[in-house]
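Survey of secondary and tertiary structure
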Protein chains: 2
Amino acid sequence: MPRTYRIGDLAQALAVSVETIRYYERESLLPPPARSEGNYRLYDQAQRQHLQFVLHCRALDMTHDEIRRLLKLREAPELECAEVNALLDEHIGHVTARIRALRALQSELRTIRNQCANPRATKDCGILHELAGSPAPTSRNAAALAVHDRPRRGR
Amino acid sequence: MPRTYRIGDLAQALAVSVETIRYYERESLLPPPARSEGNYRLYDQAQRQHLQFVLHCRALDMTHDEIRRLLKLREAPELECAEVNALLDEHIGHVTARIRALRALQSELRTIRNQCANPRATKDCGILHELAGSPAPTSRNAAALAVHDRPRRGR
DNA sequence: TGCACACCCTGTAGTAACTTCAGGGTCAAG
DNA sequence: CTTGACCCTGAAGTTACTACAGGGTGTGCA
């Protein structure tokens, strides 16, 4: 007989919050589970593994959309997994670009920080003077380059 | 006589959108400007520099809150700038931590990607099998570590 | 003078991936 | 029969913006 968990058990077992699990369900990252008489969600071993898959993907900073695509591919075992490879390659590309951008940022921050080695009156503070100038060409777009492209329409 | 710009001129001059400028005003990152007869915002040279300061800070990926703190310090020229230094050091720390996390992520992604060098049926795809397991201890918190801590209360 | 058109205004809602909260039900123990 | 731990739904808040609706302003041109 298959053991069932309630949402709190599952949350604790996988070290994630109850709200996050419910949220993933709304987001279609998890299938709607069975319900008890009192309308409590009941999960089994398969659903636990499903959630673990999703959590692993999130730990790798994939978006919900990427995860949904992977889940769909997982359900089509006869197809080739070239798409899985492509998705992962693309994701690695995002991460690499983000690291490069942050490195540029870091080096500019250090340069600025060096403007003021010894505390003095703020009116003479080299850092504040530096920040008053226009952004360095390197950092100009650095911060905008997230791991994932920001959405075009609104936030 | 001091030249004045309308919001569109200022936006173009500093390569930022009109909406962003209005948004910064609402966020108290910019002081409310003078208005024309027709209720148009009118900016002068000082406000232009103020905005440039803010934009530079944003290019360095500071939060609005950090920027507001810096702005306040800038208005107290007699105080010591030790706080400016501290703020910047802390910010550099965030960036450094984020880079470290992303490097760990990148290496785990590459490991996973290597599970499947040649396309085959998804049911045999090493990547999907890997993702089904529990997250590697390194990546477990990697994605959660943003440049800035995520807010505690809701989103 | 009338109108097109570029520009400006305010206010509201949408974005990602959650978290928090309000206002309630369920259920086992004491 | 009440207490307390747990569960439910639905709505709103978070960051830093962007987009859009519905309206005013102001200048050039016929």
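Residues numbered from 1 in each chain as written. Chains lettered and ligands numbered in written order. Predicted model: local features only at pLDDT ≥ 70, side-chain atom pairs only at ≥ 80, totals over all residues. Heavy atoms only, no water.

- Labelled according to an unreviewed UniProt entry, chain A appears under the name Cd(II)/Pb(II)-responsive transcriptional regulator, originating from Sinimarinibacterium thermocellulolyticum.

1. A few points about the packing of helix α5 (residues 82–113) of chain A against helix α5 (residues 82–113) of chain B
- Across the interface, α5(A) lies against α5(B) with an axial gap of 9 Å and an inter-helix angle of 155°. Classed by the angle they form, the pair α5(A) and α5(B) counts as roughly antiparallel. Along this stretch, α5(A) crosses α5(B), giving a crossing that reads as left-handed.
- Of the residues assigned to the contact of α5(A) with α5(B), the class counts are 16 nonpolar, eight polar and ten charged. (Axes fitted to C-alpha atoms, helices over the stretch in contact; angles between N-to-C directions. Helix = DSSP H or I, 4+ residues; strand = E, 2+ residues; numbered from the N terminus. Parallel < 35°, antiparallel > 145°, perpendicular 65-115°, else oblique. Left-handed = near helix turned anticlockwise from the far one by under 90°. Nonpolar A, V, L, I, M, F, W, Y, C, P; charged D, E, K, R; others polar.)

2. Notes on the UniProt feature "domain: HTH merR-type" (unreviewed entry) in chain A
- Residues annotated by UniProt as "domain: HTH merR-type" (unreviewed entry) correspond here to residues 4–73 of chain A.
- As annotated, residues 4–73 of chain A has a helix share of 59% and a strand share of 10%, and its two end C-alpha atoms lie 27 Å apart. (UniProt positions renumbered as here; feature names shortened; annotations may be inferred.)

3. Here we look at the sheet that holds strand β1 (residues 5–6) of chain A
All names here are of chain A.
- Spatial strand order, β1-β3-β2: three strands in an open sheet with antiparallel pairing. Two strands lie at the open edges of the sheet, namely β1 and β2 (34–35), each paired on one side alone.
- Here two bridges tie β2 to strand β3 (residues 41–43), and the two strands are oriented antiparallel to one another. For R35, the partnering residue across the bridge sits in β3 and is R41. (Pairing = 2+ DSSP bridges.)

4. A short note on the nonpolar core
- With 69 residues, the main nonpolar core has A:I21 and B:I21 as its most contacted residues.
- If we skip the residues at most four places from it in the chain, A:I21 touches A:I7, A:L10, A:A11, A:V16, A:L30, A:Y43 and A:L51. (Core = buried A, V, L, I, M, F, W, Y, C linked by side-chain atoms within 4.5 Å. Buried < 20%, exposed > 50% of the residue type's maximum accessible area, 1.4 Å probe, protein only. Contact = heavy atoms within 4.5 Å.)

5. Comments concerning the sheet that holds strand β1 (residues 5–6) of chain B
- Reading across the sheet, the three strands line up as β1-β3-β2 (chain B) and stay open at both edges, with antiparallel pairing between neighbours. Where the open sheet ends on each side, the last strands, each with one partner, are β1 and β2 (34–35) of chain B.

6. Observations regarding the pattern of salt bridges
- If you walk through the whole model with that rule in mind, you get six salt bridges over all chains.
- Put simply, B:E25 and B:R41 hold a salt bridge, and the shortest N to O gap is 2.7 Å. Pair noted here: B:E25 is in helix α2 (residues 18–26) and B:R41 is in strand β3 (residues 41–43), with a separation of 16 residues, a long-range link. Of the two residues, B:E25 and B:R41, neither departs from the other in class, the shared state being buried.
- Note that B:R68 and B:E27 form a salt bridge whose closest N and O atoms lie 3.8 Å from each other. Of this pair, B:R68 sits in helix α4 (residues 64–74) while B:E27 sits in the loop between α2 and β2; the two residues are 41 residues apart in sequence, bridging distant segments of the chain.
- Given the relative accessible area of 25%, B:E27 is considered partly exposed.
- Each of A:E27, A:D65 and A:R68 takes part in one network of salt bridges that share partners. (Salt bridge = Lys/Arg side-chain N within 4 Å of Asp/Glu carboxyl O.)

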